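Examination of the molecular architecture
Below, each chain spelled out in residue letters.
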Amino acid sequence: MKRVNISNNVIRRMPRYLRKLDDLTYHGIDRISSGELGRQLGLTPSQIRQDFSCFGEFGQQGYGYNVQKLRDEIATILGMKNEFSVILIGVGNLGRALVNNFGFENHGFHLKAAFDVEPSVVGTDVGGVHVFHSSEMLDYLSRNKVDIAVLSVPRRLANNIANNIVDYGIRAIWNFTNIELDIKRDDVLIEDIHFLDSLLYLSYHLAAQAENEEN
């Protein structure tokens, strides 16, 4: 598979394709054209073909795409078959929601352990994942290979924890702390999740609609 000079915009669209293909599979559709796929996603057929061509040739002219085969190809592109290992740091309301509802294992990620300081949760299992005390975390990382950390702790703790764990082999952080992490290492990937951004996006458009209605 080729992965040369692929833009972030293309990479960001791949999970959208995956979700749509899962939906098509759920509805029993086994073949789709780039035109129909584009119509359902609000993209042009040429955009879809161009995106896929960054990684190889997946369709057949006059036939379109085999939905399951294309889904498997995209899953491979997105690393879902690498079985990356994950830990969760912070088992509050959001952390629990992620464990119970996200379905890490269903998407190719192995959630191996969780860490917290709350006595009522330490030593328990949440969604089948054992919760260790946070004081055990660095020792755990020294003994176990972990690729990704899901960070769901109070913002005042976020940078200190993040800078500690990257010294123990963490290669990527899924950051739910609502701050931008200050990690000066080029070899660590950080994905900041800001729920408020999505809500404010909606708010902006509602405000714009209201202004247009007044004029």
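As shown above, the structure is provided for reference.
One structure accompanies this document, and this report is about it. (Residues numbered from 1 in each chain as written. Predicted model: local features only at pLDDT ≥ 70, side-chain atom pairs only at ≥ 80, totals over all residues. Heavy atoms only, no water.)

1. Some words on the layout of surface pockets
Empty space within the largest pocket amounts to approximately 1,600 Å³. Every residue lining the largest pocket is counted, 32 residues in all, and those nearest its centre are Ile 11, Pro 15, Leu 78, Phe 109 and Glu 191. Take the lining of the largest pocket: its biggest share by element is 8 residues, from helix α1 (residues 8-26). (1 Å grid on protein atoms, 1.4 Å probe; cavity = no way out; pocket = protein on both sides within 12 Å on 5 of 7 lines; lining within 4 Å. Points joined across faces, edges and corners; volume = space filled by probe spheres on them. Helix = DSSP H or I, 4+ residues; strand = E, 2+ residues; numbered from the N terminus.)

2. Topic: the packing of aromatic side chains
Under the definition given, this model contains 10 aromatic pairs. Ring centres of Tyr 17 and Phe 52 lie 4.9 Å apart, and the angle between their planes is 65°; this geometry places the pair in the edge-to-face category. Taken together, the positions of Tyr 17 in helix α1 and Phe 52 in helix α3 (residues 45-53) put the pair 35 residues apart, joining distant regions of the chain. Since its relative accessible area comes to 1%, Tyr 17 is described here as buried. Judged by centre distance (5.5 Å) and plane angle (70°), the ring pair of Phe 115 and Tyr 140 falls under edge-to-face. Placement of Phe 115 in strand β4 (residues 110-116) and of Tyr 140 in helix α6 (residues 137-143) is noted, with a sequence separation of 25 residues between them. (Phe/Tyr/Trp six-rings, centres within 6.5 Å; stacked < 30°, edge-to-face > 60°. Buried < 20%, exposed > 50% of the residue type's maximum accessible area, 1.4 Å probe, protein only.)

3. Thoughts on helix α8 (residues 195-214)
For α8, built from 20 residues, the straight-helix expectation of 28 Å at 1.5 Å per residue is met to within 8% by its first-to-last C-alpha distance of 29 Å. By the criterion of burial, α8 is predominantly exposed, with just 0 of the 20 residues buried. (Expected span 1.5 Å × (residues − 1).)

4. A look at unusual backbone geometry
Look at Glu 83: it is not a glycine, yet its phi comes out positive at around 55°. Mapped onto the secondary structure, Glu 83 falls in the loop between α4 (67-77) and β3 (85-89). Given a relative accessible area of 61%, Glu 83 falls into the exposed group. Positive phi outside glycine occurs at Asn 178, with the angle close to 70°. Considering the arrangement of structural elements, one finds Asn 178 in the loop between β8 (172-175) and β9 (189-192). With a relative accessible area of 40%, Asn 178 lands in the partly exposed category.

5. What to know about the sheet that holds strand β5 (residues 125-126)
Read from one edge of the open sheet, 7 strands run β5-β6-β4-β3-β7-β8-β9, paired in mixed fashion. Looking at strand neighbours, the two that pair on one side only are β5 and β9, the edges of this open sheet. Strand direction decides the pairing type here: β4 and strand β6 (residues 129-133), joined by 3 bridges, are parallel. Among the inter-strand pairings, Asp 116 is bridged to a residue of β6, identified as His 133. Strands in contact with helix α7 (residues 155-165) are β3, β7 (148-151) and β8; relative to β7, the strand with the most contacts, it is inclined by about 170°. (Pairing = 2+ DSSP bridges. Contact = heavy atoms within 4.5 Å. Axes fitted to C-alpha atoms, helices over the stretch in contact; angles between N-to-C directions.)

6. Description of the pattern of salt bridges
Between side chains of opposite charge, a pair can form when the charged atoms approach closely. Counted according to the given criterion, the structure contains 11 salt bridges. Arg 71 serves as the salt-bridge partner of Asp 22, at 2.8 Å between the closest nitrogen and oxygen. Placement of the pair is Asp 22 in helix α1 and Arg 71 in helix α4, with a sequence separation of 49 residues. Using a relative accessible area of 17% as the deciding quantity, one classes Arg 71 as buried. (Salt bridge = Lys/Arg side-chain N within 4 Å of Asp/Glu carboxyl O.)

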